[in-house]
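A closer look at the structure
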Amino acid sequence: MHCVVPCRNVGLVMHAYPIQCQFENSEETTLWPALEDEEGGDYPCRKSDYQIQRGCLFTGTRNELRGNLGKQLILINWSLARNMSGGYCLISCVLLLMVSLSVGVQNGDMRLVGGERAFEGRVEIYYNGQWGTVCDDNWDLTEAQVVCRHLNYAGALTAVVGGIYGQGSGPIWMDDLSCEGTEKDLSHCLFKGWGVTDCQHAEDAGVVCDRESSGNNSRVYTLDHNAGLCNHMGALFDSGRDCDFDIMVRVSNSTVETICVHKLIVTLDPNASILNTTQEENLSNLNLDVSLNCRPHVTAFLRYLYTRQINVTMSSAQCIHKMASNWGLKQLQEAAGRLFTWLLPDDASFQTQTSLYEYSVRTGDPVLQETCLRYLAWNCESLIRSPAWTGLALGTVKTLLARSDVVVPDEAFLLKGLEDWVLEQGNSSTHEDQVAILDHIRFPMIAAEDLFNLKAKSELYMDQLERYNAGMLQGFQFNALPFQTLAGGRLLKKVEYTPRIYTGKPWSFTFSSKDVNTFRYIGHYSHSGQNFNSLSANFDSPVHNSAFFSLFKKLNWNTRVFIHNHECSNSGIHCPSLPMVSLTAQNKRELPQEYQDGIRYLNKVVLMCEGEFVFHVQDFASTIGNGGNQAQIPANITAGQAYPCHSDQFSYRVVVQPVYTTEIKEN
């Protein structure tokens, strides 16, 4: 489809001028977009005689043009490009959506709307000639399975509630659904009746389906930035027709391939560094230096300059990011960097994660550095147990240990892992290097008994006698002195007096994936030999990490995971989204008042995917006293999950994290 528009009054505020578009297999037509006027309103949609005859009504905004052409819905993204001959501007017309409005759609057909990817979105069902939504009352994974299987996915990962994917505009066709999970579509499930509901569109239900994948390296992610060029530009690149600029692909300073491109197209991005190079030096060719493993991805990268679309896999992500960085293509560089979020969990050996972090340091990409480092911090226990641990660079270890979001059983585990790393380095690790990383160990967070045993158990103790003795003294002071003494000496302002995320006993409780799925499908949960009709449990923890508080009665915590809407309503609790976790200290008020006010709890929920890796850590709201009571768990990565879990087999681990209320600052 080719479109042109007159170039008058092109600027931040545009006026409605007709656009001539040639659709495939049809004659040329005139489209009138409804654009913003100077007062911020919209021009009314105008129609040409041709459109009235065809029943074609087009409306739109600054960036969109919609129309009903015959029996097809057309959604076109369009944008102005540079001046062309004849006083016209080329319009990039990208056909994003073409759905039959009446032919082939049957009652009960379903679709997903509003998601960033094809396998997620708001559930809409077709009935009586109109698409409508489904209320999230009683909406859970059983109903979601029916939707996903109907849409030819393997199954459902998450049932999404609360209108996460935007609010629908049509009728709410279904409410209070009850499915067995084997139905052909939702219309075969029990529900109130078509259009019978007391819901609003803020309660529109959604799903995340389980897309099929066949191995780590074969998973493909599509980055589509197609808003600036026509789809046929890809065919132009493939043909090489009328190309006028050579890209010399070099590996180790030797030219291995020459690719002919169109200079005008590859230099369209005004911010790309290649534009300045070719203009200033008036070149007819350019060297593109790549590593041997990146050579297979050069053609796809250059084709992106034409189409703004590229497929990225684990094996190509780093190469695409590197070439985009060198070329000055910020949009592609940032998108490829964000895509590492999807790639990091795919390697249980941690070789990919550590190499990507080292790459991010070399390229100076702070966003990519944080993406990689946070994953390593959250999965530090598995990292320490992996072969990759002792191969980490000194700088990586120091940066990792400086963080407070490191997830480990306890600080003693982290110290033992650090000692193993030092011993593996042998003579390559200097005394000063060892001191530098030992300075990041938080000795006050080590239990008093473990501190006492360090002299006998540590293989590094005699080599670092001074540092260990100083750390042990600091730890014993913390465990023996009351809060008021420590606060008066301003010791608590140091970061070593703050806990990391300790998942060992007695600071955590875990609902396993087996517990969660048994409750989801059977409706009961077994714990300590008892059956419960809710996914809830009680556990005890000390008041604080300091042994000083061993004299006080332990805190009793109640924790619960809410999976279904009816659990919330039956408990008189408002659940903005599901799943949701609650954690409440039952007997906090039994403490003396000065300690009630002097301690707060920065509690966490740690989510682990299939028992293999931590993919999300969620805070409870931090407050003085009991800490936050509820934690909303993002339903999928587009709703806020840090890393993807392509499974519904994940566990919830609640972690108690007490800190003194004195302000804490990093060194």
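Predicted model, so just to flag it, every value in this text is computed and none were measured. All residue numbers here refer to positions counted from 1 along the written sequence of the relevant chain. The predicted origin of the model limits local features to residues at a pLDDT of at least 70 and limits the giving and counting of side-chain atom pairs to 80 or more, whereas totals for whole chains, interfaces and linings rest on all residues. Water and hydrogen atoms were dropped before computing side-chain values, which therefore reflect all heavy atoms in the structure.

Points about the overall build of the protein
Helix numbering and strand numbering both begin at the N terminus, where a helix is a DSSP run of H or I of at least 4 residues and a strand a DSSP run of E of at least 2. Helices and strands together make up the secondary structure of the protein, namely 20 helices and 34 strands. Here the term buried applies to any residue with accessible area under 20% of the maximum for its type, exposed to any over 50%, and partly exposed to those in between, with areas from a 1.4 Å probe on protein chains only. Of all 667 residues assigned to the protein, the portion counted as buried reaches 49%. Long-range pairs, those at least 24 residues apart, make up 65% of the contacts in the protein between residues at least 6 apart in sequence. In this description, contact between two residues means that some pair of their heavy atoms is separated by no more than 4.5 Å.

Digging into the sheet that holds strand β31 (residues 613-619)
Strands were regarded as paired on the criterion that DSSP finds at least two bridges between them. Pairing is antiparallel across the open sheet formed by 4 strands, whose spatial order is β23-β33-β30-β31. Edge positions in the sheet fall to β23 (508-511) and β31, since each has one partner strand and no second. Adjacent strand axes in the sheet meet at a mean angle of 20° when their direction is disregarded. Whenever a helix is involved, its axis is fitted only over the stretch in contact; in every case the axis is a line through C-alpha atoms, and angles between N-to-C directions fall within 0 to 180 degrees.

A closer look at the nonpolar core
By convention a nonpolar core is built from buried Ala, Val, Leu, Ile, Met, Phe, Trp, Tyr and Cys residues, the set being connected through side-chain atoms within 4.5 Å. If you look at the biggest cluster of nonpolar residues, it comprises 128 residues, and the most contacted ones within it are Trp327 and Tyr652. A domain assignment, automatic or from a database, supplies the domain bounds used here. Both domains that meet at this core, namely domain 2 (217-275 + 282-343) and domain 3 (501-522 + 532-660), each give it at least three residues. With sequence-adjacent residues up to four places away left out, tyrosine 652 is seen in contact with Phe509, Thr510, Phe511, Val516, Val561, Ile563, Pro579, Val581, Val605, Val606, Leu607 and Ile633. By size, the runner-up hydrophobic cluster in this structure holds 34 residues, among which are Trp139, Leu186, Cys209 and Cys568.

Considering the packing of aromatic side chains
Here a ring pair, both rings aromatic, is described through the centre-centre distance and the interplanar angle of the planes. Here a pair means two rings of Phe, Tyr or Trp (six-membered ring of Trp) with centres within 6.5 Å. Their orientation is stacked below 30 degrees between planes, edge-to-face above 60, and tilted elsewhere. Taken as a whole and judged by the stated rule, the model has 26 aromatic pairs. Ring centres 5.2 Å apart and planes at 75° place the aromatic pair tyrosine 375 and tyrosine 643 in the edge-to-face group. With a gap of 268 residues between them, tyrosine 375 in helix α10 (residues 366-378) and tyrosine 643 in the loop between β32 (630-632) and β33 (650-655) connect regions that are remote in the sequence. Here the two residues tyrosine 375 and tyrosine 643 agree in accessibility, since each one is buried. In this structure an aromatic cluster arises from ring pairing among Phe478, Tyr497, Phe548, Phe549, Phe552 and Tyr660. We count a charge as sitting over a ring when the NZ of a lysine or the CZ of an arginine lies within 6 Å of the ring centre and within 35 degrees of the ring normal. The ring of tryptophan 131 has arginine 111 sitting right over it, with the charged end atom 4.2 Å from the ring centre.

Thoughts on the confidence of the model for the protein
Residue-level confidence of the predictor is what pLDDT reports, using numbers from 0 through 100. Residues with a pLDDT of 70 or more make up 76% of the protein, whose mean pLDDT is 77. Note that pLDDT drops below 50 for residues 663-667; the model gives that stretch 15 contacts with residues more than four away or on any other chain.

Focus on helix α18 (residues 513-522)
Val516, Asn517, Phe519 and Arg520 are the residues of α18 that are buried. Viewed along the axis of α18, the buried residues span an arc of 160°, placing them on a single side of the element. Of the exposed residues in α18, the ones pointing more than 90 degrees away from its buried face are Lys514 and Ile522. Tucked inside the fold, the buried residues of α18 contact α2 (141-150), β23, β24 (525-527), α19 (565-571) and β33. Directly after α18, the chain includes glycine 523, whose backbone phi takes a positive value near 95°. Within this analysis, the arc is defined by the directions that extend from the helix axis to the C-beta atoms.

So, the environment of aspartate 246
With respect to the helices and strands, aspartate 246 occurs in strand β17 (residues 245-251). When its relative accessible area of 29% is taken as the criterion, aspartate 246 is described as partly exposed. Considered as a pair, aspartate 246 and glutamate 257 are 11 residues apart in the sequence and their alpha carbons are 10.0 Å apart. Once residues lying within four places of it in the same chain are set aside, the contact partners of aspartate 246 are Thr258, Ile259, Cys260, Ser284, Asn285 and Leu286.

A short note on the pattern of salt bridges
Salt bridges are defined as contacts in which a side-chain nitrogen from Lys or Arg sits within 4 Å of a carboxyl oxygen from Asp or Glu. Throughout the structure, instances matching the rule amount to 16 salt bridges. Between arginine 111 and glutamate 124 there is a salt bridge; the shortest N-O distance is 2.8 Å. Placement of the pair is arginine 111 in strand β10 (residues 110-114) and glutamate 124 in strand β11 (residues 120-127), with a sequence separation of 13 residues. Its relative accessible area of 28% is what places arginine 111 among the partly exposed residues. With a shortest N-O distance of 3.5 Å, aspartate 175 and lysine 192 are connected by a salt bridge. On the criterion of sequence distance, the pair formed by aspartate 175 in the loop between β14 (172-174) and β15 (206-209) and lysine 192 in the loop between β14 and β15 is long-range, its members being 17 residues apart. One continuous salt-bridge network, built from bridges that share partners, spans Asp175, Asp176, Lys192 and Asp198.

Side note on the packing of helix α7 (residues 314-327) against helix α8 (residues 330-343)
Their axes nearest at 8 Å, the elements α7 and α8 cross at an angle of 155°. By the criterion of interaxial angle, the relationship of α7 to α8 is roughly antiparallel. When the axes of α7 and α8 are compared, the crossing they make is left-handed. Judged by residue contacts, Met314, Ala317, Gln318, Ile320, His321, Ala324 and Ser325 of α7 engage Leu332, Gln333, Ala336, Gly337, Phe340 and Leu343 from α8. Within the contact of α7 with α8, the residues separate by chemical class into 8 nonpolar, 5 polar and no charged. Here is the rule for angles: anything less than 35 degrees is roughly parallel, anything more than 145 is roughly antiparallel, 65 through 115 is roughly perpendicular, and the remaining ranges are oblique. Each crossing gets its hand from how the near helix is turned against the far one by less than a right angle, where anticlockwise is left-handed and clockwise is right-handed. Ten residues, namely Ala, Val, Leu, Ile, Met, Phe, Trp, Tyr, Cys and Pro, are considered nonpolar, four, namely Asp, Glu, Lys and Arg, are considered charged, and the remaining ones, Gly among them, are considered polar.

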